[in-house]
Amino acid sequence: MGGMELQLFNQFQWDRASLRIECSDRTFECGDALIEEDVDSGQRTWRWDVLAVSISCSQDQAVRSITFHNHGVHDIHMRNIGLEWKPMDVSPYLDARSYVQLHHSQCFEKLAGVRPVHRPNDWSDPAEASSMVTVISRRLPGEALLLGALPPYEDCFVSFPILHESAHRDGAFGLSVQLASPRRMSSNSEEVLAHLIILHGKEGNLLLEQYAELIRNRLPQSLQSKRVTGWNSWDYYAGAVSERDIVENTRTSQEQFADSIRYIVIDEGYQSQWGIWEAGWKFPNGLKALCETIRADGFEPGIWTAPLMVNCSTSLYREHPDWFVDDKAGNPYHVSIGYGSMAQLDITHPEVREHLCTVYTQLRQAGFTYFKCDFTQMLLGASRFSRDDITPASMLRELFSLIRESIGEDAYLLACGAPYEAVIGFADSHRTTGDIHHYWSHIRQNIRSMFARWWMQGTVGNTDPDFAIVRCDRTTDDVLLSRRLPKKPWHSGANWYAGREMNLAEAQTLLLACYLTGGDMVLGDALQHLNEAGLAILSTVLQEPIKRGVPINLFDYDGDDLPIVVAQGEGRKLLAIFNLSDDYRPRKLPQPFAGLKGPHEEFWSRKPITILAAEEIIMEPHTAQAWWVSEA
């Protein structure tokens, strides 16, 4: 790398990591272990009196597999295994002020993005560990290192906490790999816990591209499908949706978009109660008849469920007390949300498996071919299950395997909320952002996560950036843009229904970002209430599919506020620049685009352009501009 000092490369080598194992009754430190080295295979083993941990190499020496061995005569209740590269206390050490980190949250509930290593920002605290993958990047002179987990994902969750030499976080730092696998390990047994990779280079995006390729090559090719399109009831109607609403939007979809949309998805609000996934009173003709209506208009029916959530007021909960998970004290583990107190089904219970198999088999028989499965991450808060020899990682994997078996390989399965490591390989699509709503506060946060997870599209299947919505005062005359919501100001760290509702420019910024992901495009407005302007905007993002866009300045100093994204279309590129900040900002097109002669085309208006701007463009807050760039 041009003779530069490779600080990241030099510090984070496998043979420099220390090891620590936490069990329920004892902690094992590497200083107390007998270390065995196999020079030929590259395997290293830490051995104690009753257990051992080994790190073995793949044939190309790139992938490391971590295996836990219980060679004692008693079961061991494992908690966590940690590999640590502690901060160096001598020069040259890694100065936290000079580095940024790609933070990848475990599921969509929390944000993903690039953040300082040493300082909290308005969306994340570096004390929160990145999950599944992280990238550490030094902007100048340019060095990056990726640590990531690879398929097959085993019975643990992998995270990467930053280790600071001081509580002030402004000094030296190191990294750790934490393998969380709280379960009972039988005597005289061994388990592979994780497959890990370290990649090193000049630029973080290139490492993410390499990482994506490694994942893709270890997954079934059947997951590499084209993006899907559809309409979903949730964002506009929420739980108030009725059968009439579904029928109206199905007809409008047929009139306005025809072959551009494939699925009509019924979200929350149709069911009798949570956990009873049958038609309630607002759907008097039942789910089977509604599927027939949707299919008669040329679409495929889809349905939302929360597979493990059961309302505590149902007969299902009352009559099967042993079907549900518990907290640490052995009491029922309940989650209180806006729909009441919810219990969680225990997938390790054989009768629960039979019940869920019946539920999803019947939904498929009713005619549904798209399944959005939500809220499964809530299981992570529980502590006691029917079985104690697997963790929630394997439980969720078994759940999605059961759902897949019940609905068939040809059905489309969206994992919404499940930790990525638990469901990659089973789901066709994965939600990558928080819930969208027609507020700039939601848009700003979601775009950050979309672009930080750009590499997932086409790697783990498709990505779902949540709904493409356009309703605002310029695109509809509907005065009820949503149910009545409280008015509250935006403030740092809070985005839920905060600030004002979006305007037209902000809606276009959202839709352009969704389109640039190359992922699924699912509409979420009441289509019959949109005017010609709103329908035209949606038609634009339902046009030709593109390959995933790359935020080329993701790790740069301005990448968070002013992302630049380039995507490949059919014989042309799509170039987009964003200003997500709250102020006017100058922006110059990157090379080779600045001053490039055409013919080109403005994205929204389709206006021909003979030459792209060579000078700075002054961008208004919360806006984006995009051009189709000729490759002729």
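As the structure is a computational prediction, the values presented were derived from the model and not from experiment. (Residues numbered from 1 in each chain as written. Predicted model: local features only at pLDDT ≥ 70, side-chain atom pairs only at ≥ 80, totals over all residues. Heavy atoms only, no water.)

### Topic: the overall build of the protein chain
And then number 1: If you tally the helices and strands in the protein chain, you get twelve helices and 37 strands.
And then number 2: Against the 2.2 N^0.38 benchmark of 26 Å for 632 residues, the protein chain shows a C-alpha radius of gyration of 25 Å, consistent with a compact globule.
And then number 3: For the protein chain, buried positions account for 60% of its 632 residues.
And then number 4: The contacts in the protein chain between residues at least 6 apart in sequence include a share of 71% that link residues at least 24 apart.
And then number 5: About 25,500 Å² of surface is accessible on the protein chain, with carbon and sulfur atoms providing 49% of the total.
And then number 6: Between the mean site of the 58 positive side-chain charges and the mean site of the 83 negative ones, the protein chain shows a separation of 3 Å. (Helix = DSSP H or I, 4+ residues; strand = E, 2+ residues; numbered from the N terminus. Rg over C-alpha atoms; globule rule 2.2 N^0.38 Å. Buried < 20%, exposed > 50% of the residue type's maximum accessible area, 1.4 Å probe, protein only. Contact = heavy atoms within 4.5 Å. Areas by Shrake-Rupley, 256 points an atom, 1.4 Å probe, with all protein chains shown as cover. Lys, Arg positive; Asp, Glu negative; His and termini not counted. Charge placed at Lys NZ, Arg CZ, Asp CG, Glu CD.)

### A word on the domain arrangement of the protein chain
And then number 1: Under the domain assignment used here, the protein chain contains domain 1 (9-218), domain 2 (223-306 + 350-431) and domain 3 (551-629).
And then number 2: Contact with domain 1, which involves eleven residues of that partner, is made by seven residues of domain 3.
And then number 3: Summing both partners gives a buried area of about 670 Å² for domain 1 against domain 3, and 57% of it is carried by carbon and sulfur.
And then number 4: Three residues stand out in domain 1 for area buried against domain 3, namely Val114, Arg139 and Asn205, and they jointly supply 61% of the buried area on that side.
And then number 5: The interface formed by domain 1 and domain 3 holds zero salt bridges in total. (Domains from an automatic or database assignment. Buried area = accessible area lost by both parts, 1.4 Å probe. Salt bridge = Lys/Arg side-chain N within 4 Å of Asp/Glu carboxyl O.)

### Points about the sheet that holds strand E12 (residues 143-149)
And then number 1: The sheet built from nine strands is open, its strands ordered E3-E4-E5-E6-E16-E12-E11-E8-E9 with antiparallel pairing. Edge positions in the sheet fall to strand E3 (34-38) and strand E9 (113-116), since each has one partner strand and no second. When strand polarity is set aside, the average angle formed by the axes of neighbouring strands in this sheet is 20°.
And then number 2: The sheet contact formed by strand E11 (residues 133-138) and E12 spans six bridges and is antiparallel. Along E12, the bridge assignment pairs Ser137 with Ala144. (Pairing = 2+ DSSP bridges. Axes fitted to C-alpha atoms, helices over the stretch in contact; angles between N-to-C directions.)

### Examining empty space enclosed by the protein
And then number 1: Applying the stated criterion across every chain, the model contains four cavities of 30 Å³ or more.
And then number 2: Together, 13 residues line the largest cavity, and Arg448, Phe451, Leu554, Gly559 and Asp560 are the ones closest to its centre.
And then number 3: Listed by contribution, the elements that provide at least two residues to the lining of the largest cavity are E9 and helix H10 (440-452).
And then number 4: The element best represented in the lining of the largest cavity is H10, accounting for five residues.
And then number 5: A class-by-class count of the residues in the lining of the largest cavity yields eight nonpolar, two polar and three charged.
And then number 6: Of the pockets and cavities examined, the second largest cavity occupies roughly 60 Å³.
And then number 7: Looking at side-chain class alone, the lining of the second largest cavity contains four nonpolar, one polar and four charged residues. (1 Å grid on protein atoms, 1.4 Å probe; cavity = no way out; pocket = protein on both sides within 12 Å on 5 of 7 lines; lining within 4 Å. Points joined across faces, edges and corners; volume = space filled by probe spheres on them. Nonpolar A, V, L, I, M, F, W, Y, C, P; charged D, E, K, R; others polar.)

### A closer look at helix H12 (residues 532-541)
And then number 1: Looking at H12, one finds that the buried residues are Gly534, Leu535, Ile537, Leu538, Thr540 and Val541.
And then number 2: By the N-cap criterion, in which a side-chain oxygen at the helix start approaches the backbone nitrogen of a residue two or three places on, H12 is capped by Asn531, the distance to Ala533 being 3.1 Å. (Polar contact = N/O pair within 3.5 Å; in protein donor to acceptor, adjacent residues only side chain to side chain.)

### A closer look at the environment of Ser137
And then number 1: When you line up the elements, Ser137 lands in strand E11.
And then number 2: As for Ser137 and Leu516, which are separated by 379 residues in sequence, their C-alpha atoms are 24 Å apart.
And then number 3: What Ser137 contacts, discounting residues up to four positions off in sequence, is Ser98, Tyr99, Val100, Glu143, Ala144 and Phe555.

### Regarding the layout of surface pockets
And then number 1: If you add up the space inside the largest pocket, you get close to 840 Å³.
And then number 2: The wall of the largest pocket is formed by 38 residues, among which Phe108, Glu109, Gly434, Asp435 and Trp496 lie closest to the centre.
And then number 3: For the lining of the largest pocket, the secondary structure elements donating two or more residues are strand E25 (370-374) and H10.
And then number 4: It is H10 that provides the largest number of residues to the lining of the largest pocket, a total of three residues.
And then number 5: When grouped by side-chain class, the residues that make up the lining of the largest pocket number 15 nonpolar, eleven polar and twelve charged.

### Here we look at unusual backbone geometry
Trans is the prevailing form of peptide bonds, just as negative phi is the prevailing case for residues other than glycine.
And then number 1: Looking along the chain, the bond that leaves Pro151 and enters Pro152 is cis, with omega of -5°.
And then number 2: Structurally, the position occupied by Pro152 is in the loop between E12 and strand E13 (157-160).
And then number 3: Cis peptide bonds are those with omega within 30 degrees of zero, and the linkage from Gly598 to Pro599 qualifies with 20°.
And then number 4: Inspection of the secondary structure assignment puts Pro599 in strand E34 (residues 597-602).
And then number 5: Even without being a glycine, Asp466 presents a positive backbone phi close to 70°.
And then number 6: In this fold, Asp466 is placed in the loop between strand E28 (462-464) and helix H11 (504-516).
And then number 7: A relative accessible area of 3% means that Asp466 is categorised as buried.
And then number 8: One non-glycine residue, Arg606, adopts positive backbone phi at about 65°.
And then number 9: With respect to the secondary-structure elements, Arg606 resides in the loop between E34 and strand E35 (608-611).

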